[in-house]
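Each chain, written out:
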Amino acid sequence: MTDTTIDILCIGEPLGEFNATRGEAGSFRFGHGGDTSNCAIAAARQGATVAYAGALGDDAAGHSFRKLWAEEGVDDRFVPTHPTAPTGLYFVDHGPQGHVFSYLRAGSAASLYGPRDLPRDLIGKVRIVQASGISQAISATACDAVFEAFALARSQGVLTAYDTNLRLKLWPLTRARAIIHAACAMADIVLPGLDDAIQLTGLSDPDAIVDFYLGLGAKVVALTLGHQGSLVATPERRQRFVPIKVDAIDATGAGDCYDGALLAEYIRTGDAFVAAAYANVAAALSTQGYGAVAPLPRRADVEARMANEARVAQA
């Protein structure tokens, strides 16, 4: 894979995942997580060529990520291995109110990543640079790396995409709001979730929220609404997408799947609304298994379900 073939560069923190196994008290299944890594794999499974920028520890979780990315076709040449800092970990439990996340990521290899570590030559050659609020929340240096990457991308005509992904366990709302709004102002494609956006903007109406992000300069805003689907807008048009019906088991990586699928399809078609319709189906399909990565659908799965939905609508 040469640099010029890369469609998407994702920046952030890979996390080893321990997901609680229902019906087996105290049992956890190991997997892989981290929002931007999930996004990268989701995009790769839709046919995009993807690279990752971040850092891993020289440990079992880090080695496992190398193996996973190799299998999924995600280019990890730009992910250094830190000699002493560990790969971050998190645990997922399933309580009556939904997912409960616990993190072991303080001092992780990715949190030590900074602007000096960016693959500067690569950034000007890709089509989209993607990052998230979590990418910036893990440390001041990681935060600066995202700003620097976005500035480099925009100066060279490369699109930028940003998922707000608010995690108040990582930073206070006031700081998160300032940083995330500043990053969104540098993003061509903004990917907020409704719950995050309500806290970040103080608004509750979906149309008002997408107007807020369009006002910051976004070319595309794709606001996910959970079980109510999504609202996608450009300065000229907006459209609501209703979710398809699936037997949902675990929504751990659904938002990340939505991001990866939307970006991959946007690169392929150049149409934000075609991409959003595709991502809407992909994200729903990703909830049919446990963990963040294993259930991520491939293009054939998404296209088959979209064809079936079209047949049902015409019947």
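Residues numbered from 1 in each chain as written. Predicted model: local features only at pLDDT ≥ 70, side-chain atom pairs only at ≥ 80, totals over all residues. Heavy atoms only, no water.

> When you look at the overall build of the protein in this model, what are you seeing that I'm missing?
A tally of regular secondary structure across the protein gives 11 helices and 15 strands. The C-alpha atoms of the protein give a radius of gyration of 18 Å, which matches the 20 Å a tight globule of 315 residues would have. Judged by the C-alpha coordinates and their principal axes, the protein covers about 60 × 50 × 40 Å. Every one of the 315 residues in the protein was classed for burial, and the buried ones make up 56%. (Helix = DSSP H or I, 4+ residues; strand = E, 2+ residues; numbered from the N terminus. Rg over C-alpha atoms; globule rule 2.2 N^0.38 Å. Buried < 20%, exposed > 50% of the residue type's maximum accessible area, 1.4 Å probe, protein only.)

> I would appreciate a short explanation of the packing of aromatic side chains in the present structure.
Evaluated as defined, the whole model comprises 10 aromatic pairs. Taking 5.7 Å as the distance between ring centres and 85° as the angle between the ring planes, the aromatic pair formed by F28 and F91 counts as edge-to-face. Separated by 63 residues along the polypeptide, F28 in strand β3 (residues 28-33) and F91 in strand β8 (residues 88-95) bring together distant segments of the chain. Residue class for F91 comes out partly exposed when judged on its relative accessible area of 27%. (Phe/Tyr/Trp six-rings, centres within 6.5 Å; stacked < 30°, edge-to-face > 60°.)

> Teacher, can you tell me more about the pairing of strand β15 (residues 238-241) here?
Residues in a regular strand project their side chains so that they alternate between the two faces of the sheet. Where strand β14 (residues 230-233) meets β15, 4 bridges bridge the pair, whose relative direction is antiparallel. Pairing of V232 across the sheet is with Q239, part of β15. Between β14 and β15, which follow one another and run antiparallel, lie 4 residues. (Pairing = 2+ DSSP bridges.)

> So what exactly am I meant to see when it comes to the pattern of salt bridges here?
Side chains that differ in charge, positive against negative, can pair when their charged atoms come close. Per the counting criterion, the structure on display carries 16 salt bridges. Close ionic contact of R66 with D76 constitutes a salt bridge, the shortest N to O distance being 3.2 Å. One end of the pair, R66, is in helix α2 (residues 60-72); the other, D76, is in strand β6 (residues 74-78), with 10 residues separating them in the sequence. D76 gets classed as partly exposed once you look at its relative accessible area, which sits at 22%. When the shortest N-O distance is used, the salt bridge between D207 and R238 registers 3.0 Å. With a gap of 31 residues between them, D207 in helix α8 (residues 206-215) and R238 in strand β15 connect regions that are remote in the sequence. Taking relative accessible area as the criterion, R238 reaches 33% and is therefore assigned partly exposed. If you follow the salt bridges from partner to partner, you end up with E265, R268, R299 and E303 in one network. (Salt bridge = Lys/Arg side-chain N within 4 Å of Asp/Glu carboxyl O.)

> What exactly am I supposed to notice about the nonpolar core here?
A general trend in soluble globular proteins is that nonpolar side chains are found buried together. Residues I11 and V129 are the most contacted members of the largest nonpolar core, which totals 50 residues. Ranked by residue count, the leading element in this core is helix α5 (residues 140-155), at 8 residues. Among the nonpolar cores identified, the runner-up in size contains 48 residues, and I8, I189, Y278 and A282 belong to it. (Core = buried A, V, L, I, M, F, W, Y, C linked by side-chain atoms within 4.5 Å.)

> I keep staring at the sheet that holds β15 and nothing clicks. Help me out?
Across a sheet, strands are paired by hydrogen bonds formed along the backbone, either parallel or antiparallel in direction. With respect to topology, 9 strands assemble into an open sheet ordered β6-β4-β1-β10-β11-β12-β13-β14-β15, the strand pairing being mixed. Each edge of the open sheet is held by one strand with a lone partner, namely β6 and β15. Direction aside, the axes of adjacent strands within the sheet are offset by 20° on average. With respect to the sheet, α8 is in contact with β12 (189-191), β13 (220-224), β14 and β15, its orientation differing from that of β13 by roughly 145°. (Axes fitted to C-alpha atoms, helices over the stretch in contact; angles between N-to-C directions. Contact = heavy atoms within 4.5 Å.)

Everything listed here is a matter of geometry and, on its own, says nothing about what the molecule does.
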